[in-house]
Amino acid sequence: MTDEILIQRALQGHQQAYAAILGKYESYVFTLCLRIVKNREEAHEVTQDTFLKAFRSLSTFREEAKLSTWLYKIAYSTSLNHLRKKRPEILSLDDSEKPIMITETSSNGSIEMEKKEHQALLQKAIAQLSPEDAAVITLFYLLEQRIDDICKTMELTETNVKTKLFRARQRLKVIIEKDFCELIQVYQF
Amino acid sequence: MVTENTLWDYADNLLSAQERQAVEIAIANDPTLRTQLDEILQFQQNLSQQTLDQPNANLSQHILQAWAQEQASATEFKANYRPLYVIATFVGVVTFALLIIAARSINPIEITLPSFDFSNQLLLISTEFLTAIVAILFIDKLIKYRQHVAV
């Protein structure tokens with residue numbers, strides 16, 4: 001069922017349509033929220049807020065945008081608002097902000113490390129990025145959003161998004177080289 | 001001049017056909033650029049192979065329950081407001097009808113400025129009642145607008 005039909009049916013009051021929208025986008029929205037707020041419990045709260053906001057405003061959704069982009073926009077702003085309220089000290093719009101440090105580090109340098117561990121390693125590196133850097137990397141590479149969609153989500157110009165993406169990749173590379181240097185050669189980061 | 005930024009844009013398919021061609025020519029003539037691009041492609045592949053994080057299994061259920069509760073509250077809220085809307089409509093129609101009747105019966109030559117009797121309790125209560133209805137309707141619109149803006 002297409003997004004347009006799901007929205008129409010939801011607006012007509014069909015609860016199953018809301019469940020279908022949720023089922024289709026829950027993991028994507030949760031991933032974006034988690035990458036920004038960096039805490040599973042808080043990501044659950046923010047995901048719930050995101051969908052409730054979206055459902056409340058579904059009648060205002062304009063079909064010139066994609067439903068996914070609209071949801072990510074709500075998720076992005078809800079996550080940033082959540083951080084501003086809870087931890088204002090870590091949210092800076094300045095690109096030179098300090099990364100958020102995580103305590104857990106990889107101690108297993110085995111060449112036989114499985115792909116899951118490889119993914120976990122990358123996620124740990126992304127977790128050290130600022131919320132905005134993590135968001136732009138996640139939107140572009142994992143959620144496969146186009147640059148113009150990211151512009152709408154983050155309310156930035158195309159040039160700003162491209163610059164942010166470039167800087168975020170650079171920082172990610174530095175984090176990987178610095179904190180996970182023993183694995184670089186193994187996985188050719 | 002092909003910079004690292006340009007190579008990333010090339011890898012991410014963000015360049016025009018003409019720009020891509022220029023990069024390909026530069027890469028063909030410069031083994032260092034080729035190596036740099038290979039590293040970028042490897043890094044890009046790693047980024048693209050990330051997997052989605054899965055929320056707890058009961059998250060959907062929580063969201064749907066919260067949404068159902070919210071809809072039930074909204075329905076109850078509307079039901080509570082319905083009598084007010086009925087009264088407001090009735091008062092509005094009666095006032096409008098009285099104004100028309102009054103306008104038809106007025107002789108323009110005999111028009112004198114109205115004099116209000118502020119000791120008239122009925123007039124005061126009616127005015128306060130109408131003001132309260134208008135205020136409630138205004139607050140209702142304001143709350144809806146703020147909810148909309150919050151999204």
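Our structure is the block above this text.
Definitions and limits used
- For every chain, the first residue of the written sequence is number 1, and numbering continues from 1 onward in sequence order.
- All chains are assigned letters beginning at A, and all ligands numbers beginning at 1, according to the order in which they are written.
- Only residues with pLDDT of at least 70 are given local features in this predicted model, and only at 80 or more are side-chain atom pairs given and counted; all residues enter the totals for whole chains, interfaces and linings.
- The basis for every side-chain value is the complete set of non-hydrogen atoms in the structure, without hydrogens or water.
- Here a strand is any run of E in DSSP of at least two residues, a helix any run of H or I of at least four, and the numbering for each starts at the N terminus.
- Here's how the labels work: a residue is buried when its accessible area is under 20% of the maximum for its type, exposed when over 50%, partly exposed in between, all with a 1.4 Å probe on protein chains only.
- Pairs of residues are marked as contacts when any of their non-hydrogen atoms sit within 4.5 Å.
- Note on areas: Shrake-Rupley with a 1.4 Å probe; residue coverage comes only from the protein chains shown.
- Nonpolar core, defined: a set of buried Ala, Val, Leu, Ile, Met, Phe, Trp, Tyr and Cys residues in which side-chain atoms within 4.5 Å join the residues together.
- Orientation is described by axes fitted as lines to C-alpha atoms, over the contacting stretch for helices, and by angles from 0 to 180 degrees between their N-to-C directions.
- Orientation labels follow simple angle bins: below 35 degrees gives roughly parallel, above 145 gives roughly antiparallel, 65 to 115 gives roughly perpendicular, and whatever is left gives oblique.
- Classification convention: Asp, Glu, Lys, Arg as charged; Ala, Val, Leu, Ile, Met, Phe, Trp, Tyr, Cys, Pro as nonpolar; all other residues, Gly among them, as polar.
- Salt bridges are defined by distance alone: a side-chain nitrogen of Lys or Arg within 4 Å of a carboxyl oxygen of Asp or Glu.
- Only protein atoms enter the 1 Å grid used here. Points where a 1.4 Å probe fits but cannot escape make up a cavity, open sets with protein on both sides within 12 Å along at least five of seven lines make up a pocket, and a residue lines them when an atom lies within 4 Å of a point.
- Grid points are joined across faces, edges and corners, and a volume is the space filled by probe spheres set on the points.
- Surface patches are defined over residues having more than 30% relative accessible area and no salt bridge, joining like charges when they lie within 9 Å and nonpolar side chains (Val, Leu, Ile, Met, Phe, Trp, Tyr) when within 5 Å.

Turning our eyes to something else, we now look at the overall build of chain B. Looking only at helices and strands, chain B features five helices and zero strands. When the helices and strands of chain B are placed in sequence order, the string is α-α-α-α-α. Per-residue burial for chain B yields a buried fraction of 20% across its 151 residues. Considering only contacts in chain B between residues 6 or more positions apart, those separated by 24 or more positions represent 57%. Total accessible area on chain B is roughly 11200 Å²; 63% of this is exposed by carbon and sulfur atoms.

What follows covers the nonpolar core. A:Ile137 and A:Leu172 are the most contacted members of the largest nonpolar core, which has 73 residues in total. Top element by residues in this core is helix H2 (residues 15-37) of chain A. It accounts for 12 residues. Excluding residues within four positions of it along the chain, A:Leu172 makes contact with A:Leu122, A:Ala125, A:Ile126, A:Leu129, A:Ile137, B:Phe43 and B:Leu47.

Turning to the packing of helix H7 (residues 147-154) of chain A against helix H8 (residues 158-179) of chain A, a few remarks are in order. Residue and element names in this part refer to chain A. Two elements in contact, H7 and H8, have axes separated by 9 Å at closest approach and are oriented at 100°. It follows that H7 is roughly perpendicular to H8 by the angle criterion. Seen from H7, the contacting residues are Ile147, Ile150, Cys151 and Met154; seen from H8, they are Glu158, Val161, Lys162, Lys164 and Leu165. Looking at the contact of H7 with H8 residue by residue, the class counts come to six nonpolar, no polar and three charged.

Moving on: the side chain of A:Thr50. All names here are of chain A. Positionally, threonine 50 belongs in helix H3 (residues 40-56). Assessed through its relative accessible area of 0%, threonine 50 is described here as buried. Here threonine 50 is in contact with Val29, Cys33, Leu71, Ile74, Ala75 and Thr78, once residues within four sequence places are set aside.

Our next topic: the pattern of salt bridges. One pass over the structure, following the stated rule, counts 14 salt bridges over all chains. B:Asp53 serves as the salt-bridge partner of A:Arg35, at 3.6 Å between the closest nitrogen and oxygen. Residue A:Arg35 is located in helix H2, and its partner B:Asp53 is located in the loop between helix H3 (31-48) and helix H4 (59-105); the two belong to separate chains. Its relative accessible area of 11% is what places B:Asp53 among the buried residues. A salt bridge links A:Lys73 to A:Glu155; the nearest nitrogen and oxygen atoms lie 2.5 Å apart.

With that settled, the discussion passes to the layout of surface pockets. In this structure, the largest pocket occupies an estimated 830 Å³ of space. Around the largest pocket, the lining is made up of 25 residues, and of these A:Arg56, B:Ala74, B:Lys78, B:Lys144 and B:Gln147 lie nearest the centre. Mapped by element, the contributors of at least two residues to the lining of the largest pocket are helix H1 (3-11) and H3 of chain A together with H4 and helix H5 (121-150) of chain B. Ranked by the residues each element gives to the lining of the largest pocket, the list is headed by H4(B), at 10 residues. Across the lining of the largest pocket, the residue classes tally to 12 nonpolar, eight polar and five charged. The computed volume of the second largest pocket comes to approximately 360 Å³.

A few words on a nonpolar patch on the surface. A cluster of nonpolar residues, B:Phe90, B:Val94, B:Leu98 and B:Ile101, forms a patch on the protein surface that exposes about 410 Å² of accessible area. Take B:Leu98: it is sitting in helix H4.

Worth remembering: the numbers are spatial, not functional.
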